[in-house]
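# Chains, contacts and geometry: an overview
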Amino acid sequence: MTWHEMFHRFPEIYITLAQYDPWSTMQRLLSRFVALLVPLSVIRAAPLGFPESGNGLWYTTPGRVWSRDYLPVGNGHLAGTLLSRVQAKTDVQRSAMTGGGADVENLQLNIESLWSGGPFQDPSYNGGNHQSSEQNATTQLMASIHETLMKDGVIGGITGLGVPAGAYGSYAGSGYLVTTLDVSSAVTDYSRWLDLDQGIASTSWTQDDTSFLRTTFCSHPASACVQHLTSTNSVALPSTTVAFSSALESGLPTPNVTCLDASSLFVRGLVGSPGMLYELVFKAFSLGGNVSCTKVADNNATLTLSGGASESWISWVGDTEYDMAAGDASHAFSFKGVDPHAALTALVSTMSSSYDDILAQHVADVKSTIWDGFLLDLGQQADLTTTTSDLVSAYKVDEGNVYIEWLLFNYGRYLLASSARGLLPANLQGKWGDGYENAWGADYHSNINIQMNYWIAEVTGMDVMKPLFDYFEKTWVPRGEYTAKVLYNNSRGWVVHDEMNIFGHTGMKEGASQWANYPEAGAWMMIHVWDHFDYTGDVAWWKAQGWPLIKSAALFQLDKLLEDAYHKDGTLVVGPCCSPEQEYITIGCAHAQQLIWQLFNAVIKGFEASGDHDQAFLQEVIDKREVMDKGIHIGSWGQLQEWKIDHDDPLDTHRHLSHLIGLYPGYALSSYDGTSNYSKEEVLDAARISLIHRGNGTGPDADSGWEKAWRAACWAQLADAETFYHQLTYTIERDFGGNLFSLYNPLDESPIFQIDANFGYPAAVINALIQTPDVADNKAPFVITLLPALPNAWSSGSIRGARARKGVSVDMDWEAGALKQVKVRVDGNGQSGRQVNLEYAGDVIGSFEASKGTQKIWQL
């Protein structure tokens, strides 16, 4: 093997050459060359190029089912999933043959803002709201509902409050990039893998005595995606055809596909008739070969790369005419921005012609975003001899597999970084959606799902929150203020409900109340806003965006609270309320009461830093917080009541744990301070009883991963390591596919991909290792609990860079199930003077003040 051949056999060397000195590069080349001389009996089965750490997914057969097999890449704005299919006369995958003799890669494409529906489809779309002329009628109807609730405690229905969804729309796939190689011989040595260390999906195979390597990634710094092809033994590449297909994206109207220039394919279409405009531009590069663009029909064209190139690649960009900034009254809620054509062609014109530079820039971004600040070691041993799909198939409840458990944790952080750093936040499927219509519209369900998407962000130090907060500010608040007025007769603040699209669908949907009647969505999401400030201490952001969001959300809730004339106990309650996705309509739902109490706490704690001088508002929050029902009542069979009326059924295994929100991810229960005349022990025992009766997350109502991951996180919060690990392993065994996607109804032949459990899973894992629940009072000591629910399977390990509140960062090591060392640091945004206690195994092992620059180490 020549040095030139070695260079092409190990593509990661490209990055080494860009980042390190020549001598280090030569040493690495030599080490890899020596590895080739090792006897075959000890060579791993994982493909060359797969990370030695095992931090990736790998397979020896092409994908077949999108939700089970495809591998995801993304930069937040653009996304893609790879099939890595080989269409050749070979024993590798005969079922994938379609009669051709060429290698084909089908890459499914997404643009984050490509949605059907909204004002692009129907100019009269108004976010599912009543007309302003109907306000008097809705006010009278709401008063009638309140009267019934205060007389009977319950009501059979709230018909008339909801509005038909209208042009609600759905997140839509944006077609397929189909790459075809002119080769026809049998395929051998096939492998595909996703390298999480570098954020690169790769496929390698051999045909005509030539080994090929295809790599695909979406670069956040470049705002582009790239698919690169090279041969690994310096053989000239065969002719390659690149085409765009809308036919593979069922339901997507046929766009106009033309040649922008000799090396660029230009796609311009509408997502519906009528619908939002979108564009994609694919630019081809070839080293040592030729590139041409050919018109093949009136509205179709293809790119051809020929002439014996040593390597070639396609870079693409895409966008729509959607603009969040146009989602307010001054823009008639049009959400319509400028035609994306000029910006995309300008971006393509400045695109680097150096693949090595784009790759190095991308890998550096992945490293700094995901891996530099935080690392987890569970004592795992990488299995480089068994494919990921086989490891998942062999996974068993309770027995577990530490390597898979560690890998799934890392995968969740990779998916969040790859989907949450765009214009819009991560949706029900992150940014990966196959088809013109996706399950539940791949929208923003806001009674658990979008919240779970971000549970892992703050505690592992991921800078991904800004798009989420911008989304609230620009799509929830403007029309949410109208909804507050026309539906609830509230002149202050804003409100949204459970199901949200990107067009400000703030109204209550007509239909079953258990899904539609959820005006607490904004209150829950404001806990994320507060947490961001509490973790980062970013006062400038808090003043500019965080505080205005929280204050206006609190104003709405202040006006919505009612005096409880049913129980006649002098408390304030919400009504009509549904505990999320439960049919019972009543007053004082525990979920809503706990959330609003936490929201009011955030207002009180954050007021001083906000720079606001509205003392009347602050006092109103303090006064109403004191008399509101806290949502904590122990019922007839020892349970924590889901409703203020004791209506709980001990056989109810409902998927949601709504009344336990104060256990996790909230703190009304976990940091309970005696505000409801129970002891903390009594409250946590009641929560435990409710959790037991709720079951394992597989019931007659659903079989999803998120409900199981939430249960695991709750068991960790209760410091029950055995039950935590049982529930966690059950989540993996039951609801994760061979590509580690979380699957809804996993036993279906083609199950639904629902990403929330991919994010809820790592949140549950970290909650077993370090807990930093909030408290109601800023003056109270802040507690960091270490290894509260460490399972036996993770007896040795370490964490680097876990984030706690008040700007605190934690490193720790443990061995043989016991904590060995803890190191804490307080960054520049730390809240000076706040006492922090470190707890382990029921004891306080250290205390310090969270002052800027503090560093401390404890050896145990």
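Residues numbered from 1 in each chain as written. Predicted model: local features only at pLDDT ≥ 70, side-chain atom pairs only at ≥ 80, totals over all residues. Heavy atoms only, no water.

Before going further, it helps to examine the packing of helix H14 (residues 521–536) against helix H16 (residues 590–610). In the contact formed by H14 and H16, the axes pass within 9 Å of each other and the chain directions differ by 35°. Seen along the crossing, H14 lies across H16 with a hand that is left-handed. Contacts between H14 and H16 pair Ala523, Trp524, Met526, Ile527, Trp530 and Phe533 from the former with His591, Leu595, Gln598, Leu599, Ala602, Lys605, Gly606 and Ala609 from the latter. Looking at side-chain class alone, the contact of H14 with H16 contains 10 nonpolar, three polar and one charged residues. (Axes fitted to C-alpha atoms, helices over the stretch in contact; angles between N-to-C directions. Helix = DSSP H or I, 4+ residues; strand = E, 2+ residues; numbered from the N terminus. Left-handed = near helix turned anticlockwise from the far one by under 90°. Contact = heavy atoms within 4.5 Å. Nonpolar A, V, L, I, M, F, W, Y, C, P; charged D, E, K, R; others polar.)

One finds Phe282 and Leu769 to be the most contacted residues of the largest nonpolar core, which totals 216 residues. Broken down by element, the residue count for this core peaks at 12 residues, all from helix H10 (residues 402–419). Beyond its immediate sequence surroundings of up to four residues, leucine 769 is in contact with Leu376, Leu378, Thr785, Leu786, Leu787, Pro788, Leu790, Trp794, Ile799, Met812 and Trp814. Grouped together as the second largest cluster of nonpolar side chains are 20 residues, Ile145, Ala484, Val486 and Val573 included. (Core = buried A, V, L, I, M, F, W, Y, C linked by side-chain atoms within 4.5 Å. Buried < 20%, exposed > 50% of the residue type's maximum accessible area, 1.4 Å probe, protein only.)

Moving on, we come to helix H6 (residues 135–152). With 18 residues, H6 should reach 26 Å at 1.5 Å per residue; the first-to-last C-alpha distance of 26 Å fits that figure. Among the residues of H6, Gln135, Thr138, Met142, Ile145, Leu149 and Met150 are the ones counted as buried. Each buried residue of H6 sits inside an arc of 130° when the element is viewed along its axis, so together they form one side. Opposite the buried face of H6, at more than 90 degrees from it, the exposed residues are Asn136, Gln140, Glu147 and Lys151. The inward-facing, buried residues of H6 abut helix H12 (466–488), strand E20 (562–563) and strand E21 (572–573). Following H6 by one or two positions, glycine 153 has its phi on the positive side, about 85°. (Expected span 1.5 Å × (residues − 1). Arc of directions from axis to C-beta.)

Once that is clear, we can look at the pattern of salt bridges. Tallied over the full model, the rule gives 36 salt bridges. The partner of lysine 151 in a salt bridge is aspartate 152, with the nearest N and O atoms 3.2 Å apart. You can call aspartate 152 partly exposed: its relative accessible area is 37%. Here glutamate 520 ties to lysine 560 by a salt bridge, and the two come within 4.0 Å at their closest N and O atoms. Note that glutamate 520 is positioned in the loop between helix H13 (513–516) and H14 and lysine 560 in helix H15 (residues 539–560), a separation of 40 residues in sequence. When salt bridges with common partners are traced through the structure, they connect Asp531, Asp534, Lys605, Asp774, Arg805 and Lys806 into a single cluster. (Salt bridge = Lys/Arg side-chain N within 4 Å of Asp/Glu carboxyl O.)

Enumeration according to the criterion identifies three disulfides in this entry. The disulfide partner of cysteine 577 is cysteine 589, and the gap between their sulfur atoms is 2.2 Å. A torsion of 95° about the S-S bond marks the disulfide between cysteine 577 and cysteine 589 as right-handed. With cysteine 577 in the loop between E21 and H16 and cysteine 589 in the loop between E21 and H16, the pair connects residues that are 12 residues apart, well separated along the chain. Using a relative accessible area of 1% as the deciding quantity, one classes cysteine 589 as buried. Across the chain, the way the bonded cysteines pair up, counted in sequence order, is 1-2, 3-4, 5-6. In this structure cysteine 714 is not part of a disulfide, and its nearest cysteine sulfur, from cysteine 589, lies 18 Å away. Residue classification places cysteine 714 among the buried positions, given a relative accessible area of 0%. (Disulfide = S-S within 2.5 Å.)

This paragraph deals with helix H19 (residues 705–717). Helix length check: H19 (13 residues) gives 19 Å between terminal C-alpha atoms against 18 Å at 1.5 Å per residue, within 8%. Following H19 by one or two positions, alanine 719 adopts a phi angle in the positive range, close to 60°.

All right, on to the packing of aromatic side chains then. With the rule as written, the count across this model stands at 45 aromatic pairs. Measuring from centroid to centroid gives 5.7 Å for tryptophan 530 and phenylalanine 533, while their planes differ by 65°, and the two rings are edge-to-face. You can see tryptophan 530 and its partner phenylalanine 533 sitting in helix H14, three residues apart, about one turn around the helix. Taking the relative accessible area as the measure of exposure, phenylalanine 533 reaches 6% and is therefore buried. Across from the ring centre of tyrosine 59, 4.4 Å away, lies the NZ or CZ of arginine 192, which sits over that ring. The ring of phenylalanine 617 carries lysine 551 above its face, with NZ or CZ at 5.2 Å from the centroid. (Phe/Tyr/Trp six-rings, centres within 6.5 Å; stacked < 30°, edge-to-face > 60°. Lys NZ or Arg CZ within 6 Å of the ring centre and 35° of its normal.)

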